[in-house]
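A structural walkthrough
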Amino acid sequence: MTTDAQTERNRWLLLTPALTILTLAAAGPLLIVVVYSFLTAGDYGGVVWTFSTDAWFSVIAERDFFDETLSFSDAHLSIFWRSVKLSLMTTVVAFLVGFPTAYFIATRPPHKRDFWMLLIMVPFWTNLLIRTFAVMEIIRNEGVVNTVLMKLGLIDSPIQMMFTEFAVTLGMFYVFLPLMVLPIYASMERMDFSLVEAAYDLYASRWKVLRRVILPLVKPGAVAGSILVFVPSLGAYVTPRIMGGGKQLMLGNLIELQFGQGRNWPLGAALSITLLAIVMVALIIYVRSAENGETHHG
Amino acid sequence: MIEIAGLSKIFGVGASAFTALENINVTIRENEFFTLLGPSGCGKTTLLRSIAGFVNPSSGSLTVNGEDMLSKPPYARPVNTVFQNYALFPHMTVAENIGFGLEMLGRPKSEIKSVVADMLDLVQMAPMADRMTSQISGGQQQRVALARALAPKPKVLLLDEPLSALDFKLRKEMQIELKRLQSETGITFVFVTHDQEEALTMSDRIAVMKSGRILQIGGPKDIYDHPAERFVADFIGDTNFVSADLVTEANGIAQVRLPSGKTVEARSPAGGAQSGSVTIAVRPEHAVLSEPGALIDGRLKNIVYFGTDTHYHIESDGQPTFVVRRQNQPDAVEHHQVGDTVGISFNSGTAQVLRD
Ligand SMILES: Nc1ncnc2c1ncn2[C@@H]1O[C@H](COP(=O)(O)OP(=O)(O)OP(=O)(O)O)[C@@H](O)[C@H]1O
Ligand SMILES: [Mg+2]
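Residues numbered from 1 in each chain as written. Chains lettered and ligands numbered in written order. Predicted model: local features only at pLDDT ≥ 70, side-chain atom pairs only at ≥ 80, totals over all residues. Heavy atoms only, no water.

**Focus on the nonpolar core**
Counting 78 residues, the largest nonpolar core has Ile2(B), Ile4(B), Ile24(B), Leu36(B), Phe89(B) and Phe100(B) as its most contacted members. Broken down by element, the residue count for this core peaks at 13 residues, all from helix H7 (residues 165-190) of chain A. Excluding residues that lie within four positions of it along the chain, Ile4(B) makes contacts with Ile24(B), Asn25(B), Val26(B), Leu47(B), Ile51(B), Ser61(B) and Leu62(B). Counting 37 residues, the second-largest nonpolar core is a separate cluster that includes Ala95(B), Val115(B), Leu120(B) and Leu163(B). (Core = buried A, V, L, I, M, F, W, Y, C linked by side-chain atoms within 4.5 Å. Buried < 20%, exposed > 50% of the residue type's maximum accessible area, 1.4 Å probe, protein only. Helix = DSSP H or I, 4+ residues; strand = E, 2+ residues; numbered from the N terminus. Contact = heavy atoms within 4.5 Å.)

**Looking at the packing of aromatic side chains**
Tallied over the entire structure, the rule returns 15 aromatic pairs over all chains. Judged by centre distance (5.6 Å) and plane angle (10°), the ring pair of Phe231(B) and Phe235(B) falls under stacked. Separated by four residues within a single helix, Phe231(B) and Phe235(B) lie in helix H8 (residues 230-235), roughly one turn from each other. Assessed through its relative accessible area of 22%, Phe231(B) is described here as partly exposed. Here the aromatic residues Tyr36(A), Trp49(A), Phe259(A) and Trp265(A) are joined through ring pairs into a cluster of three or more. Lying over the aromatic face of Phe89(B), Arg148(B) brings its terminal NZ or CZ to 4.8 Å of the ring centre. We note Arg230(B) situated over the ring of Phe241(B); from NZ or CZ to the ring centre the distance is 4.1 Å. (Phe/Tyr/Trp six-rings, centres within 6.5 Å; stacked < 30°, edge-to-face > 60°. Lys NZ or Arg CZ within 6 Å of the ring centre and 35° of its normal.)

**Here's the deal with the sheet that holds strand E20 (residues 351-354) of chain B**
Residues and elements named next belong to chain B. In spatial order, the strands read E11-E12-E13-E20-E14; together these five strands close into a barrel with mixed pairing. Across this sheet, the average inter-strand angle for adjacent strands is 55°, counted without regard to direction. In this sheet, E20 lies alongside strand E14 (residues 277-282) in antiparallel orientation, the contact comprising three bridges. By the bridge assignment for E20, isoleucine 280 is matched with valine 353. (Pairing = 2+ DSSP bridges. Axes fitted to C-alpha atoms, helices over the stretch in contact; angles between N-to-C directions.)

Written as structure tokens, this is what we have:
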């Protein structure tokens with residue numbers, strides 16, 4: 001026999017490893033970042049242990065070099081905005097492409113699905129840099145697309161696609177697509193396809209079947225996929241740096257800059273927390289609206 | 001009403017091609033309770049799905065009220081299906097499930113509401129209208145599936161083994177309920193089962209299927225009393241098979257000579273019997289025990305008491321064991337003993353000559 005108190009103690013004992021890892025890997029670093037954001041930047045990087053809110057003001061303001069007054073600056077804000085915009089676009093495009101892809105795979109005969117999933121997963125196991133350079137090879141001025149179009153005589157000079165927001169979005173879309181396909185495929189594979197037949201049988205057109213039966217049933221997968229694409233897009237820095245060529249900075253690049261050449265660790269820390277806040281807010285809004293949609297459909 | 005002519009379905013191509021339906025010809029009438037009966041894998045579901053539009057036949061024609069169906073997608077056919085696993089939409093309530101078909105047809109909200117209410121009453125599910133389908137029992141899901149398929153008032157209702165997932169008692173209840181719904185709505189039911197008893201008790205007519213072909217179509221009594229083929233006789237009910245020689249055959253009546261040398265009258269199958277040695281079928285309850293020197297003589301091997309009736313197992317030379325079934329009467333005295341030599345007789349015309 002065990003008493004309630006014993007069970008309680010055992011429970012905490014069992015949780016200890018998980019709690020330790022969580023503390024070391026998540027809560028601890030987060031705390032350090034918060035503390036750093038309130039310190040003063042060292043001249044050669046690092047921090048000086050003097051309390052300062054400068055970093056936080058710098059997130060949305062600039063300190064004048066000479067008279068040291070603060071004035072509002074949209075330099076960072078425009079980068080925030082671009083990050084959110086491109087991440088949203090990446091998520092939407094990944095969904096528009098990922099959903100039919102997952103549907104296609106889920107409707108193949110079972111023994112052929114693994115093959116198609118493998119095709120989706122292989123790029124995912126490839127180095128991020130290589131994948132990004134592959135996209136670049138396709139759209140750069142001397143790349144596949146431009147060469148073909150010029151050979152065909154459709155254009156006289158190459159279309160500038162690299163170093164644009166389009167390039168960044170395309171790169172991130174390509175890199176993160178598997179993260180959209182996987183969860184949608186998982187919930188679609190679990191879906192009972194006789195429900196689709198039942199809907200057809202009850203006079204639903206293809207579009208109605210999609211809207212009223214398939215989409216509601218794979219919604220958990222679509223929500224998971226969207227989060228899995230949106231969150232890393234928001235913080236991405238390798239892809240924006242290569243595809244944007246330093247002209248299309250995103251939040252990830254801005255943060256990286258502060259810890260590198262910028263030598264402003266407190267600002268980097270403050271920006272990191274801002275990024276985290278944006279992610280949290282976006283997630284809350286998204287999950288809320290997804291839930292509402294659910295109860296709305298019944 | 002439903003006219004099916006020369007319908008075939010071949011799955012796959014080349015070496016892996018498989019003929020699931022072979023030259024199906026059948027006319028299903030208005031308001032009929034029509035049953036497709038056959039063993040597993042004989043093509044019942046494939047035929048039903050061809051009518052619904054989920055299977056594309058390789059050849060043949062299919063019309064409903066003279067209107068070609070094969071060129072139409074499932075959602076354009078005046079046919080609804082009750083799926084074997086019910087296939088209720090898990091993200092909708094009972095009422096939303098039932099109203100789905102009407103909603104897709106673009107009916108006004110007020111009409112949907114009143115039809116759904118009628119349907120809920122019809123299947124006695126009104127108190128559970130707002131439950132999700134995962135929150136009701138198997139039998140209740142079955143009723144909802146029925147109501148959902150009936151709500152758009154289809155001309156034909158297709159039911160693929162709708163009762164197979166239910167336990168015995170509920171199954172009996174739902175059999176009666178289905179018959180009631182069919183007569184109340186006047187809709188043609190095409191019902192699939194591999195349970196011969198279910199087929200016999202519920203159907204107006206039965207099509208017995210085997211390996212993609214229809215062997216025999218007829219009313220339950222017709223099929224039971226006069227099976228045309230050995231397979232049908234064997235599949236439906238219990239039967240004694242006796243080998244005999246065909247003597248004469250005219251107007252559907254055959255004279256056959258039994259191994260005992262005695263001649264008896266039997267019905268010949270539609271299309272005539274083969275000449276020479278034939279097999280005749282005699283139902284156990286159509287035969288009676290009598291004194292030796294009857295149509296067939298043998299030794300009583302076993303007496304099995306079943307409560308409602310008694311089975312006598314009789315062995316005779318060169319024949320499989322013959323079973324005679326006698327209905328038990330109160331206070332009846334058992335005259336026979338195991339080991340006795342007995343005779344078996346049956347009336348002219350109760351025996352049926354079979355095609356192999
Ligand atoms: N899509 C398909 N591809 C290949 N063969 C199929 C396909 N669907 C059915 N078959 C085959 O066709 C035959 C008939 O199948 P069907 O499902 O119609 O049988 P059934 O009479 O309904 O059997 P059960 O009583 O087991 O449900 C089976 O041998 C089956 O293996
Ligand atoms: Mg079947």
